[in-house]
Amino acid sequence: MRNPTAPLQTGRRAPLPERQGSAAARVGAGAATPGGAVFVLVAVLVVAIIVANPNFGDPGALIRFAGRTAPIAIAAMGQYFVIVSGEFDLSMGAVVTTQVVMAGNLIGQDESRIAPVMALMLLVGTAIGVVNGLVTTLLKVPSFIVTLGMMLALSGLVRYLTGGAATGNPVDAFRQIGRGGIEDVPVVDIIPYPLIILTVLAVLAVLLMRRPYGRSLIAAGDNPEAAHLSGVSLWWLKTRAFVLSSLAATIAGIILVGYAGVHPSVGQGYEFTAITAVVLGGVLLGGGRGWVLSAAAGAFSLELLFVLLTSLGVPSTWRDTVQGLIIIVAVAAASRAWQVGRRPRRTAQAPHPEPTASSTPTPDPGTTTGEK
Amino acid sequence: MRRRTIRAALASAAALVVLTACSTDDSLDEPDAVDSAATEGGEATPTEETEASEEFFVQADFDSQDEQRSATFEGDEAEPWLQYIDGEMTDTSEFESEGGGKKACFANASISNPWRQTGWITMNQQLEVMIENGVLSEMETRDAQDDDNTQLADIDYFISEGNCDAFIISPNSTAALTPAVERACETGKPVVVFDRGVQTDCATTFIHPIGGYAWGIDTANFLVENLEEGDKVVALRILPGVDVLETRWAAAEKIFEENGIDAVDYFTGADPTEIKKIISDELVQGDVQGVWMDAGDGAVAAIEAFEDAGVDYPVMTGEDEMSFLRKWEETGLTGLAPVYSNFQWRTPLLALEKIFAGEEVPAEWVLPQVPITEDERADFLAANDGMPDGHYAKFGGEDLPGYPQVWQDRVIP
Amino acid sequence: MNRRLTSTGIVYAVLLLSLVVGAVLTATAGRNFFSTGNISAILTATSILGFIAIGQTLVILVGSLDLSVPYVVSLTSLVGGTVMGGQSGNIVAGLLAALAVAAVIGIANGLVVSLLHVHGFIATLGMGLVVSGYLATNYQGSAGSAPRDFRLIGATQIGPVPLSTLIMLGTAGAAILLLRRTRLGHHLYAVGGNTDVARMSGLRTSVPVVAAHVLCSVLAGLAGLLLLARLSVGSPTIGSQGGYDLMSIAAVVLGGTLLAGGKGNILGTLAGVGIFAVMDNVMSVMSVNPFLKDVIRGLVIVVAVAVYARRELERRPARFERPSTLQAALEEAK
């Protein structure tokens, strides 16, 4: 009698390689997914703009462009955490406005207040994220509604308390965060501080997504019940995602105080731009798939698109239309790529021993084969 | 069977009840204000395009506003909110009453931008004076939050429920609010329209500064005088489809074309981030010599874009918002601050005072609209020292109670 | 009979509560909440948002979203106004042109969502931008004119009830019948509940999606035409002025419909629209600071949804009986 628990194969087997395909093949496969395709899109757009307007290719111009895209890229990364877990954060724009107005009114011209007010801003950002998260998870209100309500309440409150217009720009030292940079750098002239902040945050975000928290976040977006059954504390997980999103909006606000100044319109519509950027980056609305860096790349591609429209001289009234069409096309292409990319690829290098008839035992009737 | 009979009986009874209760709003019975009716030459109300025309631009209005820029105004220059251009006057003797203590009802388009917020604060301080003098007992306000439909409903509500002795209306848009203003006129009470107009002249008085075309002419002429042919001007516009803003650009665009200025326009939504990005992108493409704005919000961001790029300041027109005036002084650039006479928010209440006293008021009350030049800037900055950045220099409230505290604290009533 | 209140029941309870609170607050401001003028104002406010919210319900039931409604509203008011051009004879042509334009946008939305597999949020956001650019290029201000006979629709009242509200309620009734008695209605629920299962059951899943989007855009077109009747002109900004996209979604969710699709009903949406109208009316009567109005709106939306969000949502109608009209309405109300 054959022992059912004996190994099924008798031949020796070569160890499976850690990765399939050469490095180049892997990059190519990665670029075929929507998360990777957005980087290709960024490259294409940069080339297109330089063709239309060679001045843009100047390293100084490029790095300044990267610096000014930093706030929306940071916001997109924050929004990524929320979307990949299956939720929405529509309150981002209102958080940015709140932080900007708070900075303007509380810091004023007093440099010594910069540190405490920044701490207060981070605290307020965290609190908003906690409220968003708890109401979504514990009170079971859809996040679309919670963050919509938060958006309305925050923007109304900010206007009410400030009389609709801010008192003025805060002291220059604080604004340097958004406007300044490391000067006298060879080749590029200046490395803007926002770009440095973005790089640091991007590295942190990638590290976070590799940790158990990041993996649980994606799992929660993909299949909440399974994640819950695996022992993930869903409410704490998602609340932290909302906190990350609000903190990202806060940091974007700090940068925007410097870049744009203090005004109640700063930050308007940020949430829609961030969500569009995330979706352009190939993250599925509804959660469960996507890379955090693609979200930032999506923000870059959106901004590049605007610059391209300016460089091509598209009339001001048609810009919305062109933007809408490109968004639909890009996202449609991305969702097709996800379906194509799902099929596993087998290359010739992977050893794949064919099961021979002798090594596959026919199960005796009556014995269990492990399947029910 | 029985159920069917009962149902049939109920249905016919319901139909009878419905027919007897039917009623139609009376305002539809008078002749429509048809869209293609042209206004007389003297009026400054921007008319809508007829279906056939492509251009929004109306030459007659452009010319009349051009003339009004140099017209003589009746009244004391120290009180520009009472000045007007002499013309047809409305006889208000029918409204004369000794009692005082009237109730005014104000249908406000919104307080969604700093210009309107400043004016609203000024209006409330003027109201305090009116109440103290006994002319008015109160003013009930309904804010439409920039929605035509809401403002229509607000005016109808005032007519049916408001017990108003007078109507003050700041229309959200011109054509859409016309039927509502006509309905208000029909009540027989005085109706004061200010800021944006409507397409009927049934109102007791229509208060406004000269207009959008005049703004466009003043600003574009300034830029043309200070620039050379072939220079580039970036025009920053807030939103499309707002007729008071479209007239400003229409006039400016025409003058730029006639003088060979290369003007390119963008929509900014009054967002300083957008403004800075647009200017930065333009600067990467090439030199920009001038900046034109159809409203001053966000002017500082535009100037800072030039600073960040390390190029010379442009010739610029902004508005009399304090942020622009301060930055203008700080940088010393060549500039002009056009105004849309924020003090016009005082005039409706003062007009009501005259109306209830039986004094005649201009049928169309055209207020002066004088831009602030570099020479006058220092005076205005000194007079408004301590005011927030979103305050408007020509707010005209220096002699009202609460000056300067109320405007500095900027508490919206 | 199930004695526990379903979410629809709770929403109507909240509506009743808001009426009571509204009456009390209005009395403190010295006015009568139930006067003809006030009731008429509230009902007028429900008409426009009502049309849009009914359409939005259908789209959300099928698992999508429609953020392009404000631009569809503006465009249909302009198309209707320019085709009518103030002539009574052109009314029908104007109506047909406007609704045709709306239907085309709806088909485009539906096809992008179902065939290109783009999420409704992005698809309709993009489509809204496309229409917005078209509006900005071609219209610098109001255009068109509604002839007197057409404006009657916006102005006629039966007692305190405006004709427009009755038309809106009639449309709601038609939508209820669609959902409960027709195959398309059941397919809407099926696709919204689980697209894969629906497809494997043999449904062409793109059909209900496209149908829902077309109906939503056409209903938004009706709202645009109603606005044309009230304003007497078409306006390129009238849709964006009202914030109808987010407010309609809020009303739908307030009414108990699941944002993920597959569960919900029209009656709840109507109650949600009613709650918003009462809230706005009371705040205006009390002359609440406009900035605070937004705060209160935000809080009310979240609190109201939180009140019943934990409850079991009403079950889908059984698929084996074909209910009579009366029973369909009663089922809706349950």
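Reference entry: report on the structure contained in this document. On a predicted model such as this, the values are computed, not experimentally measured, just so you know.

### Examining a nonpolar patch on the surface
Residues and elements named next belong to chain A. Taken together, the side chains of Ile182, Tyr193, Ile196, Val200, Val203, Leu204 and Leu207 make up a nonpolar region of the molecular surface, amounting to roughly 590 Å² of accessible area. With six residues, helix H8 (residues 193-210) is the single largest residue contributor to the nonpolar patch. Within the secondary structure layout, Val200 lies in helix H8.

### Let's talk about the interface of chain A and chain B
The interface of chain A with chain B comprises 33 residues on the first partner and 30 residues on the second. Buried surface at the junction of chain A and chain B, summed over both partners, amounts to about 2,500 Å²; 46% is from carbon and sulfur atoms. Seen at the junction of chain A and chain B, the total is six salt bridges. Among the ionic pairs, Asp281(B) bridges to Arg68(A), the shortest N-O distance being 2.8 Å. Applying the counting criterion to the chain A and chain B interface returns 13 residue pairs in polar contact (both at pLDDT 80 or more). Of the residues contributing to the side of chain A that touches chain B, the split by class is nine nonpolar, 17 polar and seven charged.

### A look at the environment of Asp245(C)
All names here are of chain C. Relative to the helices and strands, Asp245 resides in helix H12 (residues 244-254). Overall, Asp245 belongs to the buried group, its relative accessible area being 18%. On a C-alpha basis, the gap between Asp245 and Tyr71 in space is 9.4 Å, while along the polypeptide they are 174 residues apart.

### Regarding the sheet that holds strand S13 (residues 315-317) of chain B
Residue and element names in this part refer to chain B. Ordered by their spatial adjacency, five strands build an open sheet running S11-S10-S12-S13-S14, and the pairing between neighbours is parallel. Because the sheet does not close on itself, it has two edges, and the strands there are strand S11 (262-267) and strand S14 (335-336). Pairing of strand S12 (residues 290-293) with S13 involves three bridges; the strand directions are parallel. If you follow Gly290 over to S13, its bridge partner there is Val315. On top of the sheet, helix H6 (residues 212-226) reaches strand S10 (232-237), S12, S13 and S14; it is set at about 175° to S13, its chief contact.

### Focus: the packing of helix H4 (residues 92-107) of chain A against helix H5 (residues 114-137) of chain A
Axes are the key here: two packed helices are described by the angle between their axes and the distance separating the axes. Residues and elements named next belong to chain A. Two elements in contact, H4 and H5, have axes separated by 10 Å at closest approach and are oriented at 155°. As judged from the angle between their axes, H4 and H5 are roughly antiparallel. Considering the relative orientation of H4 and H5, their crossing is right-handed. Residue-level inspection shows Val95, Gln99, Met102, Ala103, Leu106 and Ile107 of H4 in contact with H5, the latter providing Ile114, Val117, Leu120, Met121, Val124, Gly125 and Ile128.

### Quick word on helix H12 (residues 270-280) of chain A
Since the α-helix turns once every 3.6 residues, residues separated by three or four places project in the same direction. Residues and elements named next belong to chain A. H12 sits mainly inside the fold: nine of its 11 residues count as buried. Inspection of H12 places Tyr270, Glu271, Ala274, Ile275, Thr276, Ala277, Val278, Val279 and Leu280 among the buried residues, and these make up the whole buried set. Downstream of H12 by one or two residues, Gly282 has phi in the positive range, about 85°.

Cut-off values and rules
Within each chain, residues carry numbers counting from 1 in the order of the written sequence. A letter from A marks each chain and a number from 1 marks each ligand, given out in the order of writing. Totals for whole chains, interfaces and linings use every residue, but because this is a predicted model, local features are given only for residues with pLDDT of at least 70 and side-chain atom pairs only at 80 or more, for both listing and counting. With hydrogens and water stripped out, all remaining heavy atoms of the structure feed into the side-chain values. Exposure above 30% relative accessible area and the lack of any salt bridge qualify a residue for a patch; like charges then connect within 9 Å, and the nonpolar side chains Val, Leu, Ile, Met, Phe, Trp and Tyr within 5 Å. The protein chains shown are the only cover counted for residues, whose accessible areas, like all others here, come from Shrake-Rupley with a 1.4 Å probe. Whenever a carboxyl oxygen of Asp or Glu lies within 4 Å of a side-chain nitrogen of Lys or Arg, that contact is scored as a salt bridge. Starting at the N terminus, helices and strands are each numbered in turn, a helix being any DSSP run of H or I of at least four residues and a strand any DSSP run of E of at least two. Contacts between residues were defined by any pair of non-hydrogen atoms, one from each residue, lying within 4.5 Å. Accessible-area loss on putting two parts together, using a 1.4 Å probe and summing over both, is the definition of buried area adopted here. Think of a polar contact as two N or O atoms within 3.5 Å of one another; within protein, one of them needs to be a possible hydrogen donor and the other a possible acceptor, and neighboring residues in sequence only count if both atoms come from side chains. Classification convention: Asp, Glu, Lys, Arg as charged; Ala, Val, Leu, Ile, Met, Phe, Trp, Tyr, Cys, Pro as nonpolar; all other residues, Gly among them, as polar. The buried label goes to any residue with under 20% of its type's maximum accessible area, the exposed label to any with over 50%, and the partly exposed label to all in between, with areas taken from a 1.4 Å probe on protein chains only. Should DSSP find at least two bridges between two strands, the strands are taken to pair. Fitting a line to C-alpha atoms yields each axis, with helices limited to the stretch in contact; the angle taken between N-to-C directions then spans 0 to 180 degrees. Every angle not falling under 35 degrees, over 145, or within 65 to 115 is termed oblique; those three ranges are roughly parallel, roughly antiparallel and roughly perpendicular. Definitions for this section: a left-handed crossing has its near helix turned counterclockwise from the far helix by less than a right angle. A right-handed crossing has that turn clockwise.

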